[in-house]
Amino acid sequence: MAEHSDVLIVGGGVIGVCTAYSLAERGIGVRLLERDQICSGCSHGNAGWLFPSHSMPLPAPGVIRQAFDWLTDPKSPFYIKPRPSLELVHWLWRFWTACDRATMLESYRLRRELSLASLERYAKLAALPGLEFGFAQRGLFLAFHTRAGLAAAVEELAILAELGGRGQKLGPEELRDRVPALSPKLAGGIHLPDDAHITPGDFVRGLAEEARRRGAALHTETEVLEIEWRRAHPTRVTTSRGEFTCEDLVLATGAWSTRLVRPLRLRLPVQPAKGYSITVPRPEAFGEIPVMLGEAKVGVTPMGSNLRMAGTLELAGLDLSVSMQRVRAIERATRTYLPDLSLGEQVEIWRGLRPLTPDDLPIIGRPGGTRGLIIATGHGMKGMAQGPITGELVAQLVSDEPTSLDLRPFSPDRFA
Ligand SMILES: Cc1cc2nc3c(=O)[nH]c(=O)nc-3n(C[C@H](O)[C@H](O)[C@H](O)COP(=O)(O)OP(=O)(O)OC[C@H]3O[C@@H](n4cnc5c(N)ncnc54)[C@H](O)[C@@H]3O)c2cc1C
């Protein structure tokens, strides 16, 4: 006999877990199915930045030219593995059409709006007794070696200011006064005082426990193998550990989101975008505020007694192999920007697949307005920053509440 629940969530990353929590908080019967352990996908080893003030989408004017320069350099922060894939060609085409300034500005606004709403929710969750995840709203620094890098970041400051955000340009000395571990050779930096960071694994696992305490059933090591559909309604979900039925199914499978809905002929252009992180014991010389190593696109985050360096973006399909060349590029960048930092023995080398859409906006909503299926994926570089609000929005859809943000820009139908 299949087990029935009001809502079945597939995927136990930040998006699935935040959704389970928001539903359980409302008293809705929810079951989450995760093929591995909670937070074993992309939500585990990321940089943990909650950064509404740095919301520039990937598609932007000039990015294609820069990408061509990067493609020929195996140490660069960006790489596309050449492969015969119609899905990739379609994705790249959609990406290219989103590179104009008007689209970039609108994406910036939407990404910031989602991240701001999430940050508010993080502050509330951090106050829950017993839920500790290193939430610290101390801002971020961006550090640049080149004048061109700094100038581009200053341009972004103008966009931020238009939307009511705060940020300050810092000269090289001012930057070193704030972050003494940085190289004296830098051109300068930016301070974004309103952003925050967390330890992502502690958040996702801790919130999953809170959801369980509120009645959510969490099934780990339970892989969804097949979903049977009648129109867009899931009639039966077959897993490696039994069968399930539900009123609503939430697809929160991150970079693995296309396969399970393929029978519906639903176009979900989500490309896996591999990134790496290295975690080491935190050197004393590194303070309490994260720093982005600007040109190298590496985020350095203090997480309790550890320090994590995270970066690179590789479009190479669902390939989880580790390129040590890219890992070393992250180490090298850290040594260049933070030359006096002695990096101890690695606690962890990690890679994860970001679920990336071509317009760099998440997909949240019911495809074709149907009942029975909600998509919640495609958060790209901002899944941590946008997780809690995504959970809320999905819970609002399930319970027919008015959504707290307009969901039209995130509709799965925009790619039809
Ligand atoms: C290097 C790096 C740094 C990053 N830094 C940041 C940052 O600072 N801030 C930020 O906001 N974001 C950051 N991100 C992005 C962020 O990590 C992702 O956007 C986010 O984790 C995506 O969450 P998710 O829940 O959609 O996917 P995942 O965490 O990948 O979860 C999906 C889950 O679905 C499960 N699953 C898949 N298929 C099935 C199936 N058939 N049955 C059952 N379960 C299934 C998987 O096992 C997985 O656990 C970073 C990413 C990387 C790689």
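Thresholds applied
Residues numbered from 1 in each chain as written. Predicted model: local features only at pLDDT ≥ 70, side-chain atom pairs only at ≥ 80, totals over all residues. Heavy atoms only, no water. Core = buried A, V, L, I, M, F, W, Y, C linked by side-chain atoms within 4.5 Å. Buried < 20%, exposed > 50% of the residue type's maximum accessible area, 1.4 Å probe, protein only. Helix = DSSP H or I, 4+ residues; strand = E, 2+ residues; numbered from the N terminus. Contact = heavy atoms within 4.5 Å. Near = heavy atom within 4 Å. Polar contact = N/O pair within 3.5 Å; in protein donor to acceptor, adjacent residues only side chain to side chain. Areas by Shrake-Rupley, 256 points an atom, 1.4 Å probe, with all protein chains shown as cover. Nonpolar A, V, L, I, M, F, W, Y, C, P; charged D, E, K, R; others polar. Salt bridge = Lys/Arg side-chain N within 4 Å of Asp/Glu carboxyl O.

Caption draft 1: Molecular detail of the nonpolar core. If you look at the biggest cluster of nonpolar residues, it comprises 49 residues, and the most contacted ones within it are Ile9 and Phe203. Those elements giving two or more residues to this core turn out to be β1 (3-10), α1 (14-25), β2 (30-33), α4 (101-126), α7 (200-213), β19 (373-377) and α9 (383-398). Top contributing element to this core by residue count: α1, with eight residues. If we ignore the near neighbours within four places in the chain, the residues touching Phe203 are Val14, Cys18, Tyr122, Leu125, Phe133, Ile198, Met384 and Pro388. Formed by 25 residues, the second largest nonpolar core is a distinct cluster that contains Phe141, Leu170, Val179 and Leu341.

Caption draft 2: Fine view of the site of the ligand. Around the ligand there are 40 residues in total, and Glu34, Ser43, Trp49, Gly380 and Ala385 lie nearest to it. Taking Cys42, its main chain carries an N or O atom lying 2.9 Å from an oxygen atom of the ligand. Between the ligand and the protein, one listed contact pairs an oxygen atom with a backbone N or O atom of Ala385 at 2.7 Å. In the complex, the protein chains occlude 97% of the 1000 Å² of accessible area that the ligand would expose alone. Among the secondary structure elements, those contributing two or more residues to the shell around the ligand are α1, β13 (271-281), β16 (306-315), β17 (348-356) and α9. For the shell around the ligand, the element with the highest residue contribution is β17, accounting for four residues. Among the residues forming the shell around the ligand, the class breakdown is 19 nonpolar, 16 polar and five charged.

Caption draft 3: Geometry of the pattern of salt bridges. Applying the stated rule across the entire model yields 25 salt bridges. Residue Arg213 pairs with Glu210 through a salt bridge whose shortest N-O separation is 2.8 Å. Here Arg213 pairs with Glu210, and both are found in helix α7, just three residues apart, close to one helical turn. Exposure remark for Arg213: the relative accessible area of 61% places this residue in the exposed category. Here Arg236 ties to Glu228 by a salt bridge, and the two come within 3.3 Å at their closest N and O atoms. In this structure Glu228 comes out as partly exposed when scored by relative accessible area, which is 30%. Each of Glu25, Arg26, Arg121, Glu392 and Glu401 takes part in a single network of salt bridges with overlapping partners.

Caption draft 4: Summary view of unusual backbone geometry. One non-glycine residue, Arg265, lies in positive phi territory at about 55°. Structurally, the position occupied by Arg265 is in the loop between β12 (242-251) and β13. Residue Arg265 is classed as exposed on the basis of its relative accessible area of 79%. Positioned with a positive phi, Thr312 is a non-glycine residue whose angle comes to about 70°.

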